[in-house]
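Architecture and fold: a report
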Amino acid sequence: MNTAPTPSLPAAYGDKRQRDLANHLGMWTFIATEVLFFGGLFLAYFIYRITYPAAFAAGSHTLSFWRGTINTAVLITSSLTMALGDVYIKRGNRAALRNCVIATASLGILFLAIKASEYHEMYAKHLVPGLPFDSWVSPPMQLFVFLYFAMTGLHAAHMLIGLGLMAWLLRLNQHGRLTAAQHAPVEMFGLYWHFVDCVWVFLYPLLYLIPVLK
Amino acid sequence: MTERTQSIPRLVAVYLALLCLLTLTAVSTALPVGWWATPISLVIAFAKAFLIANFFMNLRGQPGIVRVFAAAGLFWLLILLVLSASDFFTRAWLG
């Protein structure tokens with residue numbers, strides 16, 4: 001593989017340190033907007049969960065505990081492989097970066113496959129907003145189902161975008177555009193991927209682990 | 001940048017800690033704690049998010065201003081949740 005020369009610093013930056021700082025501040029500002037994006041759904045969730053606790057518990061029990069738990073482990077593992085990829089490219093190891101990104105993407109696809117099997121099961125049980133619900137599904141429980149699809153769907157959309165970005169990273173890496181000095185795309189993508197992991201860490205107990213209260 | 005470099009053994013240790021916390025969450029669902037189950041699992045979720053942000057996202061190695069930006073996201077989330085909840089939970093007071 002040919003090694004492209006490190007692009008020179010854009011005129012806006014005095015030195016590499018300033019550019020790195022700008023990258024991080026920009027990315028964390030974006031993540032803050034994402035926190036609020038998901039935050040609106042979490043707010044709706046909390047209000048309706050407090051209003052209809054029994055219906056939300058019943059809705060939660062239509063989901064598979066094991067699918068949620070395994071998917072959490074899958075996503076945490078994909079965060080580790082992404083963090084390792086960042087370490088490797090900072091050491092200039094492009095082959096290890098490629099392996100890490102492929103592992104992360106594979107785990108992301110596994111997560112989405114498990115999620116798709118859950119969506120399919122919901123479809124088979126007639127628990128999909130827009131299709132007629134069966135009579136045993138009370139309107140408050142329909143709210144839970146709606147929030148389940150809105151929250152996991154928005155999360156899955158972020159995962160799909162992440163998979164696209166990883167294809168871009170692999171391409172950059174293949175063309176020798178990622179080096180120890182030029183690792184910002186990997187580091188910034190890592191922040192995005194770990195954030196998506198964090199969102200799931202909260203979705204898991206809130207959607208899958210609602211206790212039935214006597 | 002005074003960025004602290006990440007060590008692979010530390011990242012793996014954080015990963016194992018995250019898996020332990022996940023196991024703890026899953027096991028805690030079997031405990032007879034009733035209403036407390038959700039607060040307990042949310043506290044564990046915050047612990048997981050703290051580990052992910054500090055180590056995987058390397059916030060601990062960043063200059064203070066980056067950490068302030070990260071905290072600002074949570075602060076605005078708090079405004080969203082607390083102000084909205086203060087409306088929702090006080091509506092009955094007006095009769």
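Read on for a plain summary of the structure. In this text, all values refer to a predicted model and were calculated from it rather than measured experimentally.

Before going further, it helps to examine the overall build of chain A. Regarding its fold elements, chain A presents six helices and zero strands. Tracing chain A from N to C terminus, the helices and strands come up as α-α-α-α-α-α. Summarising its shape, the C-alpha atoms of chain A cover approximately 65 × 30 × 30 Å along the three principal directions. Considering chain A as a whole, with its 214 residues, one finds that 36% of them fall into the buried category. Sequence-distant contacts, at least 24 apart, represent 79% of the contacts inside chain A between residues at least 6 apart.

This part takes up the overall build of chain B. Within chain B, the secondary structure is distributed over three helices and zero strands. Listing each helix as α and each strand as β along chain B from the N terminus yields α-α-α. Its C-alpha radius of gyration of 18 Å places chain B more than 25% over the 12 Å reference for a compact globule of 95 residues. Judged by the C-alpha coordinates and their principal axes, chain B covers about 60 × 40 × 10 Å. In chain B, which comprises 95 residues, the share counted as buried stands at 23%. Pairs at least 24 apart in sequence give 52% of the contacts found in chain B among residues at least 6 apart.

Residues and elements named next belong to chain B. With respect to the secondary-structure elements, serine 28 resides in helix H1 (residues 8–28). By C-beta crowding, serine 28 is classed as partly exposed, having 16 other C-beta atoms within 10 Å. If we ignore the near neighbours within four places in the chain, the residues touching serine 28 are Ala37, Ile40 and Ser41.

Here the focus is the environment of methionine 159 of chain A. Looking at where methionine 159 of chain A falls in the secondary structure, it is placed in helix H5 (residues 139–174). The spacing of methionine 159 of chain A and isoleucine 109 of chain A is 50 residues in sequence and 8.7 Å in space, taken between C-alpha atoms.

It is worth spelling out the interface of chain B and chain A at this point. Between chain B and chain A, the contact holds 39 residues from the first and 34 residues from the second. Within the residue set of the side of chain B that touches chain A, elements represented by two or more residues are H1, helix H2 (37–56) and helix H3 (64–90) of chain B. With 13 residues, H3 of chain B is the single largest residue contributor to the side of chain B that touches chain A.

What follows is about helix H2 (residues 53–60) of chain A. Residue and element names in this part refer to chain A. Listed as buried for H2 are Ala55, Phe56, Gly59 and Ser60. All buried residues of H2 project into a common sector of 140° when viewed along the axis, lining one side. Of the surrounding elements, those touching the buried residues of H2 are helix H1 (16–51), H5 and helix H6 (184–208).

All right, on to the nonpolar core then. Within soluble globular proteins, side chains that are nonpolar generally end up buried alongside one another. Residues Phe144 and Leu207 of chain A are the most contacted members of the largest nonpolar core, which totals 70 residues. Ignoring anything within four residues of it in the chain, the contact list for phenylalanine 144 of chain A reads Ala55, Phe56 and Gly59 of chain A.

Before going further, it helps to examine the environment of leucine 178 of chain A. Residues and elements named next belong to chain A. Residue placement: leucine 178 occurs in the loop between H5 and H6. Residue leucine 178 is classed as buried on the basis of its 24 C-beta neighbours within 10 Å. Expressed as a C-alpha distance, the spacing of leucine 178 and proline 53, which sit 125 residues apart in the sequence, is 50 Å. Not counting residues up to four positions away in its chain, the partners in contact with leucine 178 are Ile89, Arg94, Leu97, Leu172, Asn173, His183, Pro185 and Val186.

With that out of the way, let us pick up unusual backbone geometry. With a phi angle near 60°, histidine 126 of chain A is a residue other than glycine that sits in the positive phi range. Along the polypeptide, histidine 126 of chain A turns up in the loop between helix H4 (94–124) and H5. Positive phi outside glycine occurs at asparagine 58 of chain B, with the angle close to 55°. Among the structural elements, asparagine 58 of chain B can be located in the loop between H2 and H3.

Quick notes on the rules
Residues numbered from 1 in each chain as written. Chains lettered and ligands numbered in written order. Predicted model: local features only at pLDDT ≥ 70, side-chain atom pairs only at ≥ 80, totals over all residues. Helix = DSSP H or I, 4+ residues; strand = E, 2+ residues; numbered from the N terminus. Buried ≥ 20, exposed ≤ 12 C-beta atoms within 10 Å, placed from the backbone. Contact = placed C-beta atoms within 7 Å. Rg over C-alpha atoms; globule rule 2.2 N^0.38 Å. Arc of directions from axis to C-beta. Core = buried A, V, L, I, M, F, W, Y, C linked by C-beta atoms within 7 Å.

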